[in-house]
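Reading the structure
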Amino acid sequence: MSNLIPHLPALQVVIPLFAAPLCLLAGRTGLAWIIALAASSAATATAMALAYLTYHNGVISYQMGGWAPPWGIEYVVDTANAFILLLVSSIATMVLIYSPASVAKEIRPGRGHLYYCMYILCLTGLLGIAITGDAFNVFVFLEISSLSSYALIAMGGQRKALTAAFQYLVMGTIGATFFLIGVGLLYMMTGTLNMADLQTRIPGIQDSRPVLAAFAFITVGLALKAALFPMHLWLPNAYAYAPSGVSAFMAATATKVSLYVLLRFTFTIFGAKYAFGNLPLHWVLLVPAVLAMFAGSFSAIFQRDIKRMLAYSSVAQIGYITLAISLASSAGVTAALIHIFNHGLMKAALFCAMGCIFYRISSTRIDAMAGLGRQMPWTMTAIVAGGLSLLGVPLTAGFISKWYLVQAALQSNLWWLVILIALSSMLALVYVWRLVEALYFKEPSPNNAAVTEAPLSMLLPTLLLAGANIYFGIDTRVPVAMAEHAAELLMRGQIW
Amino acid sequence: MRHHRVLRIISKLLIPFIMLFALYVQFHGDFGPGGGFQAGVIMASAFILYGLIFGLENARKVAPPAVVTKLVAAGVLIYAGTGYMGLFKGANFLDYGALSKDPVAGQHLGIMIIEFGVGTTVAAAMITIFFLFAGRDR
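Conventions used here
- Numbering of residues starts from 1 in every chain and runs along the sequence as written.
- Think of it this way: whatever chain is written first is A, whatever ligand is written first is 1, and the rest follow in order.
- Selection of residues for local features in this predicted model requires a pLDDT of at least 70, selection of side-chain atom pairs for listing and counting requires 80 or more, and totals for whole chains, interfaces and linings are taken over all residues.
- Numbering of helices and strands runs from the N terminus, with a helix taken as a DSSP run of H or I at least four residues long and a strand as a DSSP run of E at least two residues long.
- Each residue is classified by how many other C-beta atoms fall within 10 Å of its C-beta atom, where C-beta atoms are placed from the backbone; a count of 20 or more means buried, 12 or fewer means exposed, and values in between mean partly exposed.
- We call two residues in contact when their backbone-placed C-beta atoms lie within 7 Å.
- Here the nonpolar group is Ala, Val, Leu, Ile, Met, Phe, Trp, Tyr, Cys and Pro; Asp, Glu, Lys and Arg are the charged ones; every other residue, Gly included, is treated as polar.
- Working convention: axes come from line fits to C-alpha atoms, limited for helices to the stretch in contact. Angles between N-to-C directions cover 0 to 180 degrees.
- Here the angle decides the label: under 35 degrees means roughly parallel, over 145 means roughly antiparallel, 65 to 115 means roughly perpendicular, and every other value means oblique.
- Note on convention: the crossing is left-handed when the near helix lies turned anticlockwise from the far helix by less than a right angle, right-handed when the turn is clockwise.
- Here the expected length of a helix is defined as 1.5 Å per residue gap, with one fewer gap than residues.

**Observations regarding the overall build of chain B**
From N to C terminus, chain B includes 5 helices and 0 strands. C-alpha atoms of chain B, sized along the principal axes, occupy 60 × 30 × 20 Å. Classification of the 138 residues of chain B by burial places 40% in the buried group. A sequence separation of at least 24 residues applies to 61% of the contacts in chain B between residues at least 6 apart.

Here is the structure:
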């Protein structure tokens, strides 16, 4: 085993990569699920090992094919991306455990193995984006994860899933193309694609137009992929019409990985001093972030479909994360990373719970789920836990996020931001309460008389995810320690 | 297409050469311009031409969709499997130098196998896309 450890960065990506074609060859849904689950669990174990090793021993570098950087492709793991790898792979595994019953209901018969093939390919892409130390390699994995997620969304039961997938395809392609143009310009100016090498070469030419343009293209492209307001229009439909498992997985991970790349490019490659000192990135991120907090929450209040409501809430939450990034302080980056983690937990739990409801009543509309609180008590418990966390009630993970965010804002002397954060949290209270009210206090609809609790295979992972929201609201050691360490590395703009 | 004798005969004449050219681009890719992507598309174009001229039914007999789908996966497995061979030989992932005693011969062998995997997947994927679009109305 000991001789495997140096190869962990490669295995992190290539285990799921190998599993994807195996799922396709398996041909049967059950077999494909076992392969996908095995690969995803292995990826989680790898991510845990990498997180442990980087936190204690420092940065790990891996040379693909034995070609030395900057010529070859280098995989680099520090605490920042180990944190993201851990989040992505563990959420993927939890949602996979949850998936079989919901796939049986929502995916056309004979297509289950394709679902798992695409799912594990999407995981490969997201892990690859997070782990690579090569700017072009980011684009390649971005496309792997995006293309597979278009296919996954299109597998949703309603016909609208096809338009949602197409809309996301168009927007996602524009985002990825912008990113690629930016990377191309950087390559033109520096002759290198290796991130560490880019970092040393950019300062000499940082005021040249191509580098400025590259910075703009990369920022906008990544903001589009991260669904930052006003570039979020693809997100509500994509999350609302995707199969339940896909909504849970993507809402918890996909936009977060783009935000990580944004952090990596602004802090490590271009450097905080350049992005926030020479260039006005502070305002460029702050204004859309604040608008997202309000526009997202406000739109969420008026949604009749709860999956859409949660999707709009995601837009608002991405606003909080971007707000924290825009502060460009150690505290801000810590808050951003903590909220990336905690928001992943919230949305995974809530979308999984929506999948449980959909499994029983074939709808996620608020009118259809009136009074279900008595019939599906455990699912409702998960929704309440996730909802409280979303609000930021003490003893939930969401509170920790808000706490660090408010502290970071105060540290930057932006007290008015604290007021805005509190106000937008009030809006979250409105839409979460609307859901709770419908579930517990409305007259049960006669159509749902025979509805019982969701099957255990779905309920257990949902409750575990909901429980994680409580657990990480009380025991914050792991995420906070990792986020603080990662923020320190990012702020230092350390060369790998 | 039964009446288009010219098209049918010319296609029949061309298809073997298209395939031969695909193989040339595939296996000469390490010395000249070419490689798996280009070769895969050229190979697929032979099947697509056959499908256009002789009908979808016949094309499906030559390249059964079930087999083609499996080939899409097989190509990726060849690629990743070659990468794993490097690991098993104690080198890094995708380090073909370890595939043979002589690193140069190993690199040569490695890129050949990898590109063959790429070619397989690209050709099979192109044929699958053609089948899906051509058979859309059924």
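**Notes on the interface of chain A and chain B**
Counting from both sides, the interface comprises 12 residues of chain A and, opposite them, 15 residues of chain B. At 7 residues, the largest contribution of residues to the side of chain A that touches chain B is made by helix H1 (residues 8-26) of chain A. Grouping the constituent residues of the side of chain A that touches chain B by class yields 8 nonpolar, 4 polar and no charged.

**Some remarks on the packing of H1 of chain A against helix H2 (residues 29-57) of chain A**
Packed helices, taken two at a time, are described by their axes: the angle between them and the distance between them. Residues and elements named next belong to chain A. Their axes nearest at 9 Å, the elements H1 and H2 cross at an angle of 175°. In terms of orientation, H1 and H2 fall into the roughly antiparallel class. From H1, Leu8, Pro9, Leu11, Gln12, Ile15, Pro16, Ala19, Leu22, Cys23 and Ala26 reach across to H2, where they touch Leu31, Ala32, Ile35, Ala36, Ala39, Ser40, Ala42, Ala43, Thr46, Ala47, Ala49 and Leu50. The residue makeup of the contact of H1 with H2, split by class, is 19 nonpolar, 3 polar and no charged.

**A short note on the packing of helix H2 (residues 36-54) of chain B against helix H5 (residues 103-134) of chain B**
Residues and elements named next belong to chain B. In the contact formed by H2 and H5, the axes pass within 7 Å of each other and the chain directions differ by 35°. You can see that H2 and H5 cross each other, and the crossing is right-handed. The segment H2 lies against H5, with Gly36, Phe37, Ala39, Gly40, Val41, Met43, Ala44, Phe47, Ile48 and Gly51 engaging Glu115, Phe116, Val118, Gly119, Thr121, Val122, Ala123, Met126, Ile127, Phe130 and Ala134. Here the residues of the contact of H2 with H5 are counted per class, giving 15 nonpolar, 5 polar and 1 charged.

**Description of helix H13 (residues 330-361) of chain A**
An ideal rise of 1.5 Å per residue puts 46 Å on 32 residues; H13 of chain A measures up with 46 Å between its terminal C-alpha atoms. Serine 362 of chain A occupies a position one or two residues after H13 of chain A and carries a positive phi of about 55°.

**Examining the environment of alanine 42 of chain A**
Residue and element names in this part refer to chain A. Counting through the fold element by element, alanine 42 comes out in helix H2. Residue classification places alanine 42 among the partly exposed positions, given that 17 C-beta atoms sit within 10 Å. Spatially, the C-alpha atoms of alanine 42 and glycine 66 are 24 Å apart, while their sequence positions differ by 24 residues.

**A look at the environment of glutamine 411 of chain A**
Residue and element names in this part refer to chain A. Following the sequence through the fold, glutamine 411 ends up in helix H15 (residues 397-411). With 84 residues separating them in the primary sequence, glutamine 411 and leucine 327 have C-alpha atoms 9.4 Å apart. In this structure glutamine 411 touches Ser329 and Ala331, once residues within four positions along its chain are discounted.

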